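Remarks on the overall topology
Residues per chain are reported as follows:
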Amino acid sequence: MKFTKVTLSLALATGVLGWDDLIIEPPTGKTGAPVAMLFGQGASIDTSQYEALGKAIQDAVPFPLWFGAPQNYFDTAAIPTTLTVGMSRIKSDMYDMGMPENITTFFGGHSLGGAMMPDYVENSEKDAAGMILMGSFLTRKHKSGTTAEGRPQVEFPVPVLTIGAELDGLCRITRIAEALYTQVTFAEDPATAVRSLPVTTIKGMSHMQFATGDPPSRVKDLDFVPEVETDAAQAAVASDTAAFMSAVLGVADWKAVETRASASAASMQPIVDSLIMESYTHFLPPCYCETKDEYGYLQYGTCLNYANCSGGVPWTHQYSMQIMSNADELGITINNDDSIHLVTEERPSCHLPHIHGNEVNNANPGSPEEGTPPICDSPSADCHLQITSVTQPLYKNDGNYDLQDTGTDPIAATELRTKLKSRQAVYEAAGVQNVSFTETDTVASDGGSGDRCAEINQAAIDWAFASLPQDVADRYTKYGQKLQVGADKTTCAAGPCWINSALKYTTDDDANTATVVSTMMATENYNKYPCGEDKLLPCATGFHYCKILSPAYAVEWMYVDGLRNLMSLSSLDKERGKTGSELGSEPGGRDLSWPYLCRRVAQPHEFAFELRQPPGTGAVVRRRKREQGHMGLEMPLFVQFWRPIQGGCAKAKVPGGVSVYVDVEGHLRFHSAISPTQSGDSDCGARDMQEPRWRQDSD
């Protein structure tokens, strides 16, 4: 196999004096018509860093494959004309090297190169055989088609394979799950779509592993530490690419592509399910219907789901209202229909939660102050309440914030603004006597029996964790910043106060937790004020408003954002500069500059360790546990990985009460605890011993 890097002595207005284009000629031993793959580099990633990937793809395909990656202006594919100029230049050079001019060509790209490639192919390469996007995807602007029912459909003029990495910190796996659903699952003909727009994922792979070498600064800031070796990750990418290209060309069937797409879909199904639970706006937009209620007005009307829009939020009617009502304990049945509306809407009507079945608008069934009869004589299995709730999913990334649809930001709703009937209102409608508003709906800090919004948010966390595949759950359990709920927060008794008080997320990196706090607003179940004879002004009574944690946000946190504290490349840099005292050693203690394990022991003795090369660029762990030491001492253990070690043995002397830092957990294997009188070499044998480099803390 011949690898040639072509450098042209061409002075450019941009200041670039030459081009570093990557061209890899086909390896020997391949038969059949030659094919080309032209590739767009990621931002600030040198073209040479795709050499290993190009060769892996060449090895995986059954035909001779030319691989080329032109350098973009300043290594940035988003600069106008850079792909057009680069592709023209590299094709000319490849023709000069013997590539046929009428060759069948696929186009691909990684990261920003992949994000820019669809526009280039649509505008300049209409005869392309297909496209492979790695750590990138077809953006939402390609949802340009519709079914006969009006359901949005993704369209592209050539077949496109999307390959996502599970631990990609820049092109998050949740955005790849969106691509899967909109391109394949939600397609009018999924069997055809899985061939024209398939989506696969690589377990344990990071964004940078589509390339090799040092990551650029943005990747260092956002990417995760991988769980697989780069060679293995790229071999999996090459296998998916080869299967897709071969099937498109007709030299193989579609079985391999369909099998991989099916397995990838199964691994991402919890993400898709959670997004459906919040009525994810990029699956289907909200209907925002204006339906008349039984009184002839709009405030209590219920929206229905249609093929081209979502009427309500499933999480609200399946969980939020059920938990708020305490229906299971009462032994009654709640039939709740949720409607999506903007909670700020006033024209043509505001929209409020309601218990249906009254003859009079604005009445609160069972309210003793009003003298309104309840719906049920008493709470029992025969008691069925029909309730309408209102929810507005709020998005940071709503297409306005992330105009380029990069996949870097969270996609799930940051909060579900939810208007529910209060527990007191449900109890009184069910025929419960002498219901105390303080007991049912007042926050615990003000004398109530509990925080209802927090209870719903805890259910979202529990639901999310229970939905995870076992390996994802294990990863989150080991490294994830744990979601937990705080006490509900009250606000002034006015809608704008509640609307403008966002669901609050507070992270504690040292404790490795993230606390979710909801703002609530509730009113007693009777009309304190006249509502007007025309009934157009609804009475804001008998409700309990909550800022709800979307189960999709919780799932996305467990797959992606909750791992950043301990498993991101940036967390390694953040920890690397800390001294022993900052990391928990005693004042005056000593620490290794990197990496470290903190062990406290009661008396001096030595430990022997073996240092091993970790997978990929290393692994990151930080957790606390207790272990039995050599002398039966129970020692706190604090672990942090931050970069690979090349191998060998090391021994570390641990004075009493002083912390020592070394790498562990497969990347350093703990072999023995050796008494002070022993040499410390028994487990290392003839291997080279490396004395740890100590430094004295400044304090």
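Residues numbered from 1 in each chain as written. Predicted model: local features only at pLDDT ≥ 70, side-chain atom pairs only at ≥ 80, totals over all residues. Heavy atoms only, no water.

1. A short note on the sheet that holds strand 15 (residues 482-485)
Taken in spatial order, the 3 strands make up an open sheet running 15-18-17, and their pairing is mixed. In this open sheet, the two strands that pair with only one neighbour each are strand 15 and strand 17 (504-508). Averaged over all pairs of adjacent strands, the angle between strand axes in this sheet comes to 25 degrees, irrespective of strand direction. The pairing of strand 17 with strand 18 (residues 513-517) spans 5 bridges and is classified as antiparallel. If you follow Thr 506 over to strand 18, its bridge partner there is Thr 515. (Pairing = 2+ DSSP bridges. Helix = DSSP H or I, 4+ residues; strand = E, 2+ residues; numbered from the N terminus. Axes fitted to C-alpha atoms, helices over the stretch in contact; angles between N-to-C directions.)

2. Here's the deal with the pattern of salt bridges
Inspection of the entire model under this criterion finds 22 salt bridges. Across the salt bridge formed by Arg 140 and Glu 178, the nearest N and O atoms sit 2.8 Å from each other. Taken as a pair, Arg 140 in the loop between strand 6 (130-134) and strand 7 (145-146) and Glu 178 in helix 4 (residues 173-185) lie far apart in primary sequence, 38 residues in all. Neither Arg 140 nor Glu 178 differs from the other in exposure class; each is buried. Arg 260 is the salt-bridge partner of Asp 240, the closest N and O atoms lying 2.8 Å from each other. Of the two residues, Asp 240 sits in helix 7 (residues 230-249) while Arg 260 sits in helix 8 (residues 255-277), which places them 20 residues apart along the sequence. The buried category is assigned to Asp 240, whose relative accessible area is 6%. Bridged by salt links that share partners, the residues Glu 166, Lys 203, Glu 227, Asp 471 and Arg 475 form one connected network. (Salt bridge = Lys/Arg side-chain N within 4 Å of Asp/Glu carboxyl O. Buried < 20%, exposed > 50% of the residue type's maximum accessible area, 1.4 Å probe, protein only.)

3. A word on the state of the cysteines
All told, the structure shown has 5 disulfides when counted by the stated rule. Linked covalently through their sulfurs, Cys 376 and Cys 383 form a disulfide whose S-S length is 2.1 Å. Looking down the S-S bond of the Cys 376 and Cys 383 bridge, the torsion is 85 degrees, so its handedness is right-handed. A relative accessible area of 9% means that Cys 376 is categorised as buried. Shown here is the disulfide that connects Cys 453 with Cys 546, its sulfur atoms set 2.0 Å apart. Around the S-S axis, the bridge from Cys 453 to Cys 546 shows a dihedral of about -75 degrees and counts as left-handed. Here Cys 546 lies in strand 20 (residues 543-548) and Cys 453 lies in helix 13 (residues 452-467), a separation of 93 residues in the sequence. We classify Cys 453 as buried; its relative accessible area is 0%. (Disulfide = S-S within 2.5 Å.)

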